[in-house]
Amino acid sequence: MTVEPQQLAELLTTAAGVLDAASTQFVAGHRADSAVAKKGNDFATEVDLAIERRVVAELTRLTGIGVHGEEFGGEPLDAELVWVLDPIDGTFNYAAGLPTAAMLLGLLADGEPLLGLTWLPFTGQRYTAMVGGPVRCNGEVLAKLQPTALSDSVIGIGTFNIESRGRYPGPYRVAVLEGLSRECSRLRMHGATGVDLAYVAAGILGGAISYGHHVWDHAAGVALVRAAGGVVTDLAGEPWTVSSPSALVAAPGVHEQMLEIVRSAGDPKDYL
(Lines give C-alpha, C1' and ligand atoms only; values in the text may rest on other atoms or scores of the structure.)
Protein backbone atom coordinates (compact mmCIF):
# COMPACT_ATOMS: atom_id res chain seq x y z
CA MET A 1 0.00 0.00 0.00
CA THR A 2 1.33 3.43 -0.96
CA VAL A 3 1.04 6.27 1.55
CA GLU A 4 1.83 9.76 0.34
CA PRO A 5 4.62 11.64 2.16
CA GLN A 6 2.23 14.37 3.31
CA GLN A 7 -0.12 11.80 4.84
CA LEU A 8 2.83 10.06 6.52
CA ALA A 9 4.01 13.35 7.98
CA GLU A 10 0.53 14.04 9.35
CA LEU A 11 0.31 10.55 10.86
CA LEU A 12 3.73 11.04 12.45
CA THR A 13 2.65 14.32 14.02
CA THR A 14 -0.55 12.77 15.34
CA ALA A 15 1.24 9.73 16.76
CA ALA A 16 3.87 11.93 18.43
CA GLY A 17 1.09 13.86 20.16
CA VAL A 18 -0.45 10.64 21.44
CA LEU A 19 2.87 9.42 22.87
CA ASP A 20 3.57 12.83 24.40
CA ALA A 21 0.23 12.69 26.18
CA ALA A 22 0.97 9.20 27.51
CA SER A 23 4.45 10.14 28.74
CA THR A 24 3.19 11.65 31.99
CA GLN A 25 1.48 8.37 32.84
CA PHE A 26 4.64 6.48 31.86
CA VAL A 27 6.84 8.53 34.19
CA ALA A 28 4.34 8.46 37.05
CA GLY A 29 4.24 4.65 37.03
CA HIS A 30 7.99 4.11 37.40
CA ARG A 31 8.85 1.07 39.54
CA ALA A 32 5.35 -0.37 39.04
CA ASP A 33 4.77 -3.91 40.30
CA SER A 34 4.12 -6.91 38.08
CA ALA A 35 0.44 -7.26 37.21
CA VAL A 36 0.39 -10.02 34.59
CA ALA A 37 2.74 -13.00 34.45
CA LYS A 38 3.92 -13.97 30.96
CA LYS A 39 6.07 -16.69 29.45
CA GLY A 40 9.17 -17.57 31.48
CA ASN A 41 9.85 -14.90 34.08
CA ASP A 42 8.49 -12.07 31.92
CA PHE A 43 5.64 -9.88 33.12
CA ALA A 44 3.59 -6.78 32.41
CA THR A 45 2.79 -3.98 34.82
CA GLU A 46 -0.54 -2.23 35.22
CA VAL A 47 1.06 0.72 33.47
CA ASP A 48 1.79 -1.42 30.38
CA LEU A 49 -1.86 -2.34 30.20
CA ALA A 50 -3.16 1.16 30.87
CA ILE A 51 -0.86 2.86 28.37
CA GLU A 52 -1.68 0.34 25.68
CA ARG A 53 -5.42 0.85 26.17
CA ARG A 54 -4.96 4.62 26.06
CA VAL A 55 -2.69 4.76 23.01
CA VAL A 56 -4.77 2.24 21.07
CA ALA A 57 -7.97 4.21 21.71
CA GLU A 58 -6.40 7.54 20.73
CA LEU A 59 -4.62 6.29 17.60
CA THR A 60 -7.70 4.49 16.38
CA ARG A 61 -9.87 7.53 16.99
CA LEU A 62 -7.48 10.07 15.46
CA THR A 63 -6.09 8.09 12.51
CA GLY A 64 -8.68 5.42 11.75
CA ILE A 65 -5.85 2.85 11.59
CA GLY A 66 -5.95 -0.24 13.79
CA VAL A 67 -3.28 -1.04 16.38
CA HIS A 68 -1.51 -4.29 17.22
CA GLY A 69 -0.19 -4.06 20.78
CA GLU A 70 2.10 -6.29 22.79
CA GLU A 71 -0.35 -6.89 25.61
CA PHE A 72 -3.73 -7.19 23.87
CA GLY A 73 -2.95 -7.92 20.23
CA GLY A 74 -5.55 -6.29 18.00
CA GLU A 75 -5.31 -5.44 14.31
CA PRO A 76 -3.71 -8.26 12.25
CA LEU A 77 -0.09 -7.64 11.34
CA ASP A 78 -0.84 -8.39 7.68
CA ALA A 79 -3.32 -5.52 7.43
CA GLU A 80 -2.61 -2.94 4.72
CA LEU A 81 -1.86 -0.40 7.45
CA VAL A 82 -1.35 -1.18 11.12
CA TRP A 83 0.26 0.56 14.08
CA VAL A 84 2.52 -1.71 16.17
CA LEU A 85 2.88 -0.72 19.81
CA ASP A 86 5.05 -1.72 22.75
CA PRO A 87 3.73 0.39 25.65
CA ILE A 88 6.81 -0.27 27.79
CA ASP A 89 9.95 -1.66 26.22
CA GLY A 90 12.33 -2.76 28.97
CA THR A 91 9.66 -3.69 31.51
CA PHE A 92 12.20 -5.18 33.93
CA ASN A 93 14.18 -1.94 33.82
CA TYR A 94 11.01 0.08 34.30
CA ALA A 95 9.87 -1.93 37.30
CA ALA A 96 13.34 -1.86 38.86
CA GLY A 97 13.62 1.92 38.56
CA LEU A 98 16.14 2.07 35.72
CA PRO A 99 15.69 4.84 33.13
CA THR A 100 16.34 2.59 30.10
CA ALA A 101 12.71 2.00 29.19
CA ALA A 102 10.73 3.30 26.24
CA MET A 103 7.45 3.49 24.36
CA LEU A 104 7.77 2.06 20.85
CA LEU A 105 5.38 2.75 17.98
CA GLY A 106 5.76 1.80 14.34
CA LEU A 107 3.46 2.04 11.34
CA LEU A 108 3.55 -0.92 8.95
CA ALA A 109 2.23 -0.92 5.39
CA ASP A 110 1.93 -4.49 4.10
CA GLY A 111 4.55 -5.48 6.68
CA GLU A 112 7.06 -2.72 5.87
CA PRO A 113 7.84 -0.09 8.54
CA LEU A 114 6.99 3.39 7.26
CA LEU A 115 7.13 5.31 10.55
CA GLY A 116 9.13 4.79 13.72
CA LEU A 117 8.67 6.55 17.05
CA THR A 118 10.75 5.70 20.13
CA TRP A 119 10.08 7.72 23.29
CA LEU A 120 12.46 7.57 26.28
CA PRO A 121 10.51 9.67 28.79
CA PHE A 122 13.05 9.41 31.61
CA THR A 123 15.87 10.83 29.51
CA GLY A 124 13.72 13.22 27.49
CA GLN A 125 14.64 11.68 24.11
CA ARG A 126 11.99 11.43 21.37
CA TYR A 127 13.23 9.69 18.22
CA THR A 128 11.13 9.87 15.06
CA ALA A 129 11.55 8.90 11.41
CA MET A 130 9.54 8.25 8.30
CA VAL A 131 10.67 6.09 5.40
CA GLY A 132 13.38 7.90 3.44
CA GLY A 133 14.63 9.78 6.50
CA PRO A 134 15.84 11.80 8.19
CA VAL A 135 15.88 10.64 11.81
CA ARG A 136 15.09 13.32 14.35
CA CYS A 137 15.64 13.52 18.09
CA ASN A 138 13.38 16.05 19.78
CA GLY A 139 12.76 17.56 16.35
CA GLU A 140 16.44 18.06 15.51
CA VAL A 141 17.69 16.29 12.38
CA LEU A 142 20.41 13.72 13.12
CA ALA A 143 23.33 13.05 10.79
CA LYS A 144 23.17 10.05 8.49
CA LEU A 145 25.16 7.03 9.61
CA GLN A 146 28.57 6.82 7.97
CA PRO A 147 30.68 3.72 7.30
CA THR A 148 32.36 2.84 10.58
CA ALA A 149 34.74 0.19 11.92
CA LEU A 150 33.61 -2.25 14.58
CA SER A 151 36.77 -1.48 16.56
CA ASP A 152 35.55 2.10 16.99
CA SER A 153 31.99 1.12 17.96
CA VAL A 154 30.02 0.51 21.11
CA ILE A 155 27.68 -2.46 20.56
CA GLY A 156 24.39 -3.24 22.28
CA ILE A 157 23.50 -6.87 22.82
CA GLY A 158 20.47 -8.73 24.18
CA THR A 159 20.35 -10.15 27.67
CA PHE A 160 20.64 -13.87 28.35
CA ASN A 161 20.73 -16.64 30.90
CA ILE A 162 23.49 -19.18 30.36
CA GLU A 163 20.94 -21.94 31.08
CA SER A 164 18.41 -20.68 28.52
CA ARG A 165 17.53 -22.82 25.52
CA GLY A 166 15.18 -21.89 22.69
CA ARG A 167 16.22 -20.58 19.28
CA TYR A 168 19.41 -18.89 20.53
CA PRO A 169 20.68 -20.83 23.57
CA GLY A 170 22.69 -19.16 26.32
CA PRO A 171 26.01 -20.80 25.34
CA TYR A 172 25.55 -19.62 21.73
CA ARG A 173 24.98 -16.07 22.93
CA VAL A 174 28.16 -16.31 24.99
CA ALA A 175 30.07 -17.36 21.87
CA VAL A 176 28.73 -14.33 19.98
CA LEU A 177 29.52 -12.12 22.97
CA GLU A 178 33.07 -13.45 23.11
CA GLY A 179 33.63 -12.82 19.42
CA LEU A 180 32.30 -9.28 19.58
CA SER A 181 34.30 -8.50 22.71
CA ARG A 182 37.53 -9.22 20.84
CA GLU A 183 36.75 -6.70 18.10
CA CYS A 184 34.45 -3.88 19.27
CA SER A 185 35.28 -0.89 21.43
CA ARG A 186 32.79 -1.75 24.19
CA LEU A 187 29.77 -3.98 24.76
CA ARG A 188 26.60 -2.75 26.48
CA MET A 189 23.56 -4.68 27.71
CA HIS A 190 20.70 -2.19 28.16
CA GLY A 191 17.89 -4.73 28.46
CA ALA A 192 15.60 -2.81 26.11
CA THR A 193 15.64 -3.67 22.40
CA GLY A 194 13.94 -0.48 21.26
CA VAL A 195 16.45 1.65 23.15
CA ASP A 196 19.34 -0.17 21.47
CA LEU A 197 17.85 0.27 18.00
CA ALA A 198 17.16 3.97 18.57
CA TYR A 199 20.73 4.46 19.77
CA VAL A 200 22.04 2.78 16.61
CA ALA A 201 19.94 5.14 14.48
CA ALA A 202 21.32 8.08 16.46
CA GLY A 203 24.92 6.95 16.04
CA ILE A 204 25.35 6.38 19.78
CA LEU A 205 25.80 2.65 19.26
CA GLY A 206 27.57 1.32 16.19
CA GLY A 207 25.34 -1.74 16.15
CA ALA A 208 23.04 -3.97 18.17
CA ILE A 209 21.80 -7.55 18.30
CA SER A 210 18.31 -8.59 19.35
CA TYR A 211 17.67 -12.29 19.95
CA GLY A 212 13.92 -11.70 20.11
CA HIS A 213 11.33 -12.21 17.39
CA HIS A 214 8.51 -9.93 18.54
CA VAL A 215 7.58 -7.36 15.93
CA TRP A 216 6.61 -4.76 18.56
CA ASP A 217 10.22 -4.78 19.83
CA HIS A 218 11.59 -4.11 16.35
CA ALA A 219 9.15 -2.21 14.12
CA ALA A 220 9.88 1.31 15.38
CA GLY A 221 13.62 0.77 15.57
CA VAL A 222 13.85 -0.82 12.13
CA ALA A 223 12.19 2.27 10.66
CA LEU A 224 14.63 4.51 12.54
CA VAL A 225 17.77 2.60 11.55
CA ARG A 226 16.78 2.31 7.90
CA ALA A 227 15.95 6.01 7.76
CA ALA A 228 19.38 6.74 9.26
CA GLY A 229 21.10 4.77 6.50
CA GLY A 230 21.88 1.71 8.64
CA VAL A 231 21.66 -1.96 7.72
CA VAL A 232 18.95 -4.22 9.16
CA THR A 233 18.93 -8.02 8.86
CA ASP A 234 18.35 -11.06 11.04
CA LEU A 235 21.27 -13.01 12.51
CA ALA A 236 21.46 -15.15 9.38
CA GLY A 237 21.98 -12.03 7.28
CA GLU A 238 18.53 -12.16 5.67
CA PRO A 239 16.60 -8.88 5.28
CA TRP A 240 14.46 -8.15 8.33
CA THR A 241 10.73 -8.84 8.06
CA VAL A 242 7.88 -8.91 10.59
CA SER A 243 8.41 -12.68 10.93
CA SER A 244 12.20 -12.53 11.44
CA PRO A 245 13.47 -14.54 14.44
CA SER A 246 16.06 -11.91 15.41
CA ALA A 247 17.58 -8.61 14.37
CA LEU A 248 21.09 -7.36 13.66
CA VAL A 249 21.18 -3.61 13.07
CA ALA A 250 24.28 -1.50 12.54
CA ALA A 251 25.97 1.29 10.71
CA PRO A 252 27.45 0.45 7.29
CA GLY A 253 30.74 -1.36 7.72
CA VAL A 254 29.97 -2.39 11.27
CA HIS A 255 27.11 -4.61 10.13
CA GLU A 256 29.33 -6.66 7.83
CA GLN A 257 31.89 -7.21 10.58
CA MET A 258 29.27 -8.14 13.15
CA LEU A 259 27.61 -10.59 10.77
CA GLU A 260 30.95 -12.28 10.13
CA ILE A 261 31.46 -12.75 13.87
CA VAL A 262 27.92 -14.08 14.34
CA ARG A 263 28.43 -16.57 11.52
CA SER A 264 31.74 -17.70 13.02
CA ALA A 265 29.84 -18.76 16.16
CA GLY A 266 28.18 -21.48 14.07
CA ASP A 267 24.67 -22.89 14.16
CA PRO A 268 22.72 -22.04 17.35
CA LYS A 269 21.26 -25.56 17.30
CA ASP A 270 24.73 -26.98 17.92
CA TYR A 271 24.70 -25.35 21.38
CA LEU A 272 21.59 -27.14 22.65
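Thresholds applied
Residues numbered from 1 in each chain as written. Predicted model: local features only at pLDDT ≥ 70, side-chain atom pairs only at ≥ 80, totals over all residues. Heavy atoms only, no water. Buried < 20%, exposed > 50% of the residue type's maximum accessible area, 1.4 Å probe, protein only. Helix = DSSP H or I, 4+ residues; strand = E, 2+ residues; numbered from the N terminus. Phe/Tyr/Trp six-rings, centres within 6.5 Å; stacked < 30°, edge-to-face > 60°. Salt bridge = Lys/Arg side-chain N within 4 Å of Asp/Glu carboxyl O. Axes fitted to C-alpha atoms, helices over the stretch in contact; angles between N-to-C directions. Parallel < 35°, antiparallel > 145°, perpendicular 65-115°, else oblique. Left-handed = near helix turned anticlockwise from the far one by under 90°. Contact = heavy atoms within 4.5 Å. Nonpolar A, V, L, I, M, F, W, Y, C, P; charged D, E, K, R; others polar.

## Digging into helix H5 (residues 193-201)
Counting buried positions along H5 yields 9 of 9 residues, so the element is predominantly enclosed. Those residues of H5 that sit buried are Thr 193, Gly 194, Val 195, Asp 196, Leu 197, Ala 198, Tyr 199, Val 200 and Ala 201. Gly 203 sits one or two residues past H5 and shows a positive phi near 80 degrees.

## Some points on the packing of aromatic side chains
This model, assessed by the stated rule, comprises 6 aromatic pairs. Where Tyr 94 meets Phe 122, the ring centres are 6.0 Å apart and the plane angle is 40 degrees; that geometry is what we call tilted. With Tyr 94 in helix H3 (residues 91-96) and Phe 122 in the loop between strand E7 (112-120) and strand E8 (125-130), this residue pair connects regions lying 28 residues apart in the sequence. Note on Tyr 94: relative accessible area 0%, which makes it buried. An aromatic cluster is built from Tyr 168, Tyr 172, Tyr 211 and Tyr 271, whose rings are joined through pairwise contacts.

## Considerations on the pattern of salt bridges
For the structure shown, the criterion picks out 4 salt bridges. The salt bridge involving Arg 126 is made with Asp 20; its shortest N-O contact spans 3.0 Å. Placement of Arg 126 in strand E8 and of Asp 20 in helix H1 (residues 5-28) is noted, with a sequence separation of 106 residues between them. Note on Asp 20: relative accessible area 34%, which makes it partly exposed. A salt bridge links Glu 58 to Arg 61; the nearest nitrogen and oxygen atoms lie 2.8 Å apart. With Glu 58 and Arg 61 both in helix H2 (residues 46-63) and 3 residues apart, this pair spans about one turn of that helix.

## Describing the packing of helix H4 (residues 170-183) against helix H7 (residues 254-264)
The contact between H4 and H7 brings their axes to 9 Å, and the two run at 140 degrees. Accordingly, the angle class assigned to the pair H4 and H7 is oblique. Like other packed secondary-structure pairs, H4 and H7 cross with a definite hand, here right-handed. Seen from H4, the contacting residues are Tyr 172, Val 176, Gly 179, Leu 180 and Glu 183; seen from H7, they are Met 258, Ile 261 and Val 262. Residues belonging to the contact of H4 with H7 are distributed by class as follows: 6 nonpolar, 1 polar and 1 charged.

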